[in-house]
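For reference, the chains in residue letters:
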Amino acid sequence: MRISDLKISISGIRGIVGESLTPQLILKFSEAFSTYIGGGKIAVASDTRPSAEMVKNAVFAGILSCGVSPLDLGILPIPSLQIYTKEKKLDGAISITASHNPVEWNALKLIRKGGHFLYPLEAEELLDVYYQGRFRRVERPEKIEREHEPFVTHEQKVLRFVDGELIKTKKIKIVVDPCGGAASPYVQKFLEALGAEVVCVNCDLKEGFPRNPEPVASNLGDLCKAVRKHKADIGFAQDADADRLAVVDENGIPIGEEYTLALAVNSYLKLKGKSPVVVNLSTSRVLEDVARMSGVDIFMSKVGEINVARKMAEVGAKIGGEGNGGIMVSDIHTCRDSFSGMALLLEYIAWSGKKVSEIRAELPDYFMMKHKVKASYKDWRKTLSRLTSKYGSGKIQDLDGLRVDYPDFWFHVRPSNTEPVIRVQVEAKSGEMAKEEFKKIMEVI
Amino acid sequence: MKDRLRISVSGIRGEVPGALNVEVASKFSSAFSSYLEEGRVALCRDSRCSSHMLEMAVISSIMASGLDCADFGMLPTPFLQFLMRKESFAGGISIAGGHNPLSWNAIILLDTGGDYLDISEGSEVFNIYEAGDFRKARWRALGKTHTLKFPLELYLDTLSKIVDTESIRKRNYKVVADPCNGSTSAYLRDFADFFRIDLIPINDNPEKPFPHSPEPSVENASQVEAVVKSTKADLGFLLNSDSSRLSFVNEKAEALSEEMTFPLCLLSLEGKIGKAITTTVTTSWADWAAENIGITISRTKVGQSSVVHTMESEGAEAGGEGSGSFSLLSFSSGYDSLLALALILDYMSKEGKFLSELTQPFPPLNMKKIKIEVPPERTYRVMDRLEEIYYKESPDCTDGIRVERKGIWFNIRPSATEFVLRITIEGEKEEQIESVEDELMDRIGQ
């Protein structure tokens, strides 16, 4: 059996440069998107991967080919691109980033009018255009425009959202690690504007990333060390496109990516008032605890930012996100935004006067195991039926893959939209229990 | 024919949008850079509205194959060819439709020295294209793109070693230029200042579409004629969109046939060259001029690729075609209009004569060029039939069929750049030309 590392899906197109992600595919995909948009203006921004220039040239060629005006925003975090698209009322945007994937990967993510990712049905239509290959090529291509201060729109929105005066009085010391990614040119100035003292690690744009860009504990060694060295109050890590955030406490210990969202949601509910909460099906139970503590409802959506965003709109939630560190604040924009997350946490620290480790300790402990199994989609049906028959006694949710809840543990198994893998997550009250249940599930898979 | 691509060593040509689009440009660039050794690929483009877009597709594909791009932006192809002799490049790509209509464009592949590929090199690239077997660089080995400026001073200095610059400067010629809103527009001012020319440019805004068909010819010269007349200029000239062809308007505001450009260039080089190459469809004035200055001339297939490669293999210093193109190997391997212009200015100042006087001794000849649209799948059947018909007249089959009769010759050949048969008839008497035209139309129509 052969599984391609290329993934063309409703999330966009993703692959490895030098293997599956060729300029021809990028061109074709950009032409399909521009044909689908059908005119107007779309913004293009990238993260800092060395392949960005190659990809960007093909993206612009594809956009020009189909008569859409491209606006070049240079290097920009994806939430900033989404917010720019919304605020400037553009017709769409393309983000050139493989997010948390290692440096050899790259991808195109497609943003609709209003600054959200394409809705699943729109993405299906786009894929039809792509596969049919009949593009709206024009005789007279438009010209490329450039924006030189693309981050300002996003920055101003966040600065207005939090109490900067309050944060300033506390003189919070921060170490931030943007992984040499799209946030690197902006994050230090942003945090300084919030009144914090900032030390930046991995802020230089170099060939490749200084660490694996996924902001999980095992990749945060530099940050943890720097937090201890500089005696900082908090450490922040972003991934390459700055949608996800991880937090390190004042002792240089990562609080765990699941707890980033919990802290942010808790901060929001305490500082900005009550609101229902929306998280995806793969999110830790600690969020349910946080919601219960504030007496608000919590809703679960399918995995994927756009699904969370739409559920937030449906139930009127102002705060939500994804368990892997994706914080979504509707006052800014319902997209995963590490900048909104940082601002909220800083305001909460200033308001509560507590240390990060103390804030974390107020929340119950859970242990989560995450794993991915390389698999073709054709194995999925079989896996699903085996799991369903074995775990029929639990509370089953089959909105997106299979989530089964028992009183002491839950698990979620689903095929990924971005990689040819099946993702497996198990969470329990203790580490041993999580490991044990994980082993049993893996036997079934 | 909108959806048909014309693939040859003269370039990958087609209409945009249509046969030529970003994907085709990308695939050919991937094939070409897979074929090349390591190093930089020199890039330039003309002013067509599709050129920048195609160039971005080209850049992306070259980078993906692990080669670097030296991007000179909007630049005449002969300038790039000139520079490729001076600096080291793995190869070059020019995105320029030359004389093709505005809706067309072309991807032209150049070898390490700036020459068009020859037929065997070209077919190696086209085979890689067909197989789709492109070189792919890992992320760390991807190529980089550097935006560079063309060293015009070097170009002008080199030119001033070929012509008598001082003598041209003293004349302070007043010259009307029509670069057809092409890529040469931005460079004409410096060229004129260098030779102390009082330049009157028209149609020199590359942001605008072409004001007329970009083929230098008598039909397209009416604007230049009018301006030469009203400004009492000494000379006027027209370029195609990327400066590989030119034709003149004399000081009496009369447009000269583009066929005169090549023989005039030869005459200007009297005593400096010994051999020239042209094609089987170039005017007999070329033979007359060669005889006049005591050089030999031989004829080959049409197109920059075959003319320049024949110059190189036969040791000829000069070459050119009746379409208004000229190349001097000691300068560069490309057809270069500004070189030709400098030669004509040199000739005028040396002789102290204007163009009407310099062309006065040309023997009286008339030429008729006709193109007939023939679908590609019928082209070779038609050519076969004509070959059978004219077999008795022992035709020259270097490029199509060339038949020589008393006081007249004609040539019929399939175009390398468009889906047409090109017919060229040249003779002394108009009636004779007309009767050959009738004869040919009759036979092609059969």
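Predicted model, so just to flag it, every value in this text is computed and none were measured. (Residues numbered from 1 in each chain as written. Chains lettered and ligands numbered in written order. Predicted model: local features only at pLDDT ≥ 70, side-chain atom pairs only at ≥ 80, totals over all residues. Heavy atoms only, no water.)

A look at the overall build of chain A
Next, step 1: Scanning chain A for helices and strands turns up 15 helices and 21 strands.
Next, step 2: Its C-alpha atoms give chain A a radius of gyration of 21 Å, within 12% of the compact-globule value 22 Å for 445 residues.
Next, step 3: Projected onto its principal axes, the C-alpha positions of chain A cover 65 × 55 × 40 Å.
Next, step 4: For chain A, contacts bridging at least 24 residues in sequence account for 70% of all contacts bridging at least 6.
Next, step 5: Total accessible area on chain A stands at roughly 16,700 Å², and carbon and sulfur atoms take up 49% of it.
Next, step 6: Taken as two groups, the 62 positive and 59 negative side-chain charges of chain A have centres that lie 2 Å from each other. (Helix = DSSP H or I, 4+ residues; strand = E, 2+ residues; numbered from the N terminus. Rg over C-alpha atoms; globule rule 2.2 N^0.38 Å. Contact = heavy atoms within 4.5 Å. Areas by Shrake-Rupley, 256 points an atom, 1.4 Å probe, with all protein chains shown as cover. Lys, Arg positive; Asp, Glu negative; His and termini not counted. Charge placed at Lys NZ, Arg CZ, Asp CG, Glu CD.)

As for the nonpolar core
Next, step 1: Grouped together as the largest cluster of nonpolar side chains are 73 residues, with contacts concentrated most on B:Phe150, B:Tyr155, B:Leu266 and B:Phe326.
Next, step 2: Per element, the largest residue contribution to this core is 10 residues, and it comes from helix H12 (residues 337-351) of chain B.
Next, step 3: There are two domains that each give this core at least three residues, and those are domain 1 (6-151) and domain 2 (163-359) of chain B.
Next, step 4: Ranked by size, the runner-up nonpolar core spans 72 residues in total, among them A:Ala93, A:Ile111, A:Phe151 and A:Leu269. (Core = buried A, V, L, I, M, F, W, Y, C linked by side-chain atoms within 4.5 Å. Buried < 20%, exposed > 50% of the residue type's maximum accessible area, 1.4 Å probe, protein only. Domains from an automatic or database assignment.)

What about the sheet that holds strand S20 (residues 409-415) of chain A?
Sheets are built from strands that pair by backbone hydrogen bonding, the pairs being arranged parallel or antiparallel.
Residues and elements named next belong to chain A.
Next, step 1: Spatial ordering of the open sheet is given by S17-S21-S20-S19-S18, a layout of 5 strands whose pairing is antiparallel. Each edge of the sheet is formed by a strand with only one pairing partner; in this case those strands are strand S17 (367-374) and strand S18 (395-397). Neighbour to neighbour, the strand axes of the sheet diverge by 10 degrees on average, direction disregarded.
Next, step 2: Two elements, S18 and strand S19 (residues 402-405), share 3 bridges in a ladder whose sense is antiparallel. (Pairing = 2+ DSSP bridges. Axes fitted to C-alpha atoms, helices over the stretch in contact; angles between N-to-C directions.)

Things to note about the packing of aromatic side chains
Given two aromatic rings, their pairing is described by the distance between the two centres and the angle made by the two planes.
Next, step 1: Tallied over the entire structure, the rule returns 30 aromatic pairs over all chains.
Next, step 2: Here A:Phe161 and A:Tyr268 contribute two aromatic rings whose centre-to-centre distance is 6.3 Å and whose plane-to-plane angle is 25 degrees, an arrangement assigned as stacked. Taken together, the positions of A:Phe161 in helix H5 (residues 152-161) and A:Tyr268 in helix H9 (residues 257-272) put the pair 107 residues apart, joining distant regions of the chain.
Next, step 3: Relative accessible area serves as the criterion here: at 13%, A:Phe161 is assigned to the buried category.
Next, step 4: Between B:Phe82 and B:Tyr155 the ring centres are 5.1 Å apart and the planes differ by 75 degrees, which places this aromatic pair in the edge-to-face class. (Phe/Tyr/Trp six-rings, centres within 6.5 Å; stacked < 30°, edge-to-face > 60°.)

A closer look at the domain arrangement of chain B
All names here are of chain B.
Next, step 1: Domain parsing of chain B yields domain 1 (6-151), domain 2 (163-359) and domain 3 (366-445).
Next, step 2: The distance between the C-alpha centroids of domain 1 and domain 2 comes to 26 Å.
Next, step 3: Contacts between the two partners involve 28 residues from domain 1, matched on the other side by 28 residues from domain 2.
Next, step 4: Here domain 1 and domain 2 share an interface that buries about 2,300 Å² over both sides, 57% of which is from carbon and sulfur atoms.
Next, step 5: Per-residue buried area on domain 1 facing domain 2 is highest for Pro 78, Arg 85 and His 99; these three make up 24% of the total on that side.
Next, step 6: Counting every contact that joins domain 1 to domain 2 gives 0 salt bridges. (Buried area = accessible area lost by both parts, 1.4 Å probe. Salt bridge = Lys/Arg side-chain N within 4 Å of Asp/Glu carboxyl O.)

Some words on the state of the cysteines
Next, step 1: As enumerated under the stated definition, the model contains 1 disulfide over all chains in all.
Next, step 2: Two residues share a disulfide in this structure: A:Cys200 and A:Cys203, whose sulfurs sit 1.7 Å from each other.
Next, step 3: Its relative accessible area of 17% is what places A:Cys203 among the buried residues.
Next, step 4: Cysteine A:Cys224 is unpaired, with the sulfur of A:Cys179 as its nearest cysteine sulfur at 14 Å.
Next, step 5: With no disulfide partner, B:Cys44 has as its closest neighbouring cysteine sulfur the one in B:Cys69, 13 Å distant. (Disulfide = S-S within 2.5 Å.)

A look at the confidence of the model for chain B
Next, step 1: Model confidence for chain B is summarised by a mean pLDDT of 95, while 99% of its residues fall at 70 or above.
Next, step 2: In the predicted complex, the global pTM is 0.92; the interface-specific ipTM is 0.89. (pLDDT = per-residue confidence, 0-100.)

Some details on the packing of helix H1 (residues 23-37) of chain A against helix H2 (residues 52-65) of chain A
All names here are of chain A.
Next, step 1: At a minimum axis distance of 8 Å, the contact between H1 and H2 shows a crossing angle of 40 degrees. As judged from the angle between their axes, H1 and H2 are oblique. H2 is crossed by H1, and the crossing has right-handed handedness. Across the interface between the two elements, Pro 23, Ile 26, Leu 27, Ser 30, Glu 31 and Ser 34 of H1 pack against Met 54, Val 55, Ala 58, Val 59, Ala 61, Gly 62, Ile 63 and Ser 65 of H2. (Parallel < 35°, antiparallel > 145°, perpendicular 65-115°, else oblique. Left-handed = near helix turned anticlockwise from the far one by under 90°.)

Description of the sheet that holds strand S15 (residues 325-328) of chain B
All names here are of chain B.
Next, step 1: Read from one edge of the open sheet, 4 strands run S13-S12-S14-S15, paired in mixed fashion. Both edges of this open sheet fall to strand S13 (296-300) and S15, since each of them pairs with a single strand only. Put simply, the sheet's adjacent strands are angled 20 degrees from each other on average, direction ignored.
Next, step 2: Note: strand S14 (residues 318-321) against S15, 4 bridges, orientation antiparallel. Bridge pairing in S15 places Gly 319 opposite Ser 327.

Some remarks on the domain arrangement of chain A
Residue and element names in this part refer to chain A.
Next, step 1: Once the domains are mapped, chain A shows domain 1 (3-150), domain 2 (169-361) and domain 3 (367-444).
Next, step 2: For domain 2 and domain 3, the distance between their C-alpha centres works out to 26 Å.
Next, step 3: Contact with domain 2, which involves 13 residues of that partner, is made by 16 residues of domain 3.
Next, step 4: Around 1,100 Å² of area is buried between domain 2 and domain 3 when both sides are counted, 45% of it from carbon and sulfur atoms.
Next, step 5: Of all residues in domain 2, Leu 281, Ser 282 and Arg 285 bury the most surface against domain 3, accounting for 53% of the area lost on that side.
Next, step 6: For Lys 370, the salt bridge goes to Glu 258, with nearest N and O atoms at 3.0 Å.
Next, step 7: Where domain 2 touches domain 3, the interface holds 13 residue pairs in polar contact (both at pLDDT 80 or more).
Next, step 8: Every element with two or more residues in the side of domain 2 that touches domain 3 is listed here: H9 and strand S13 (298-301).
Next, step 9: Grouping the amino acids of the side of domain 2 that touches domain 3 by side-chain chemistry returns 3 nonpolar, 5 polar and 5 charged. (Polar contact = N/O pair within 3.5 Å; in protein donor to acceptor, adjacent residues only side chain to side chain. Nonpolar A, V, L, I, M, F, W, Y, C, P; charged D, E, K, R; others polar.)

So, the packing of H1(A) against helix H4 (residues 120-132) of chain A
Residue and element names in this part refer to chain A.
Next, step 1: At their nearest, the axes of H1 and H4 sit 9 Å apart, and the two run at 120 degrees to each other. Taken together, H1 and H4 sit at an angle that is classed as oblique. Where H1 crosses over H4, the handedness of that crossing is right-handed. Residue-level contacts link Leu 25, Lys 28, Phe 29, Ala 32, Phe 33, Thr 35 and Tyr 36 of H1 to Glu 122, Glu 125, Leu 126, Leu 127, Val 129 and Tyr 130 of H4.
Next, step 2: Its residues assigned to classes, the contact of H1 with H4 comprises 9 nonpolar, 1 polar and 3 charged.

Observations regarding the side chain of B:Thr424
Next, step 1: Positionally, B:Thr424 belongs in strand S19 (residues 420-427).
Next, step 2: Contact partners of B:Thr424, with chain neighbours within four places excluded, come to B:Val281, B:Met367, B:Lys368, B:Lys369, B:Trp409, B:Phe410 and B:Asn411.

A closer look at the pairing of strand S11 (residues 245-248) of chain A
All names here are of chain A.
Next, step 1: Every second residue of S11 is oriented toward a common face, with Leu 245 and Val 247 on one face and Ala 246 and Val 248 on the other, all of them buried.
Next, step 2: Where strand S10 (residues 234-238) and S11 come together, 4 bridges link them in antiparallel fashion. Opposite Phe 236, over in S11, you have Val 247 as the bridge partner.
Next, step 3: Adjacent in sequence and paired antiparallel, S10 and S11 are bridged by 6 residues, among which Ala 242 carries a positive phi angle near 60 degrees.

Description of the interface of chain A and chain B
Next, step 1: With 31 residues of chain A in contact, the opposing surface of chain B contributes 30 residues.
Next, step 2: Of the roughly 2,600 Å² buried where chain A meets chain B, counting both sides, 65% is carbon and sulfur surface.
Next, step 3: A salt bridge links B:Glu23 to A:Arg137, with the nearest nitrogen and oxygen atoms 2.8 Å apart.
Next, step 4: Across the contact surface, chain A and chain B share 6 residue pairs in polar contact (both at pLDDT 80 or more).
Next, step 5: Mapped onto the side of chain A that touches chain B, the elements with two or more residues apiece are H1 and H2 of chain A.
Next, step 6: The biggest single contributor to the side of chain A that touches chain B is H2(A), with 8 residues.

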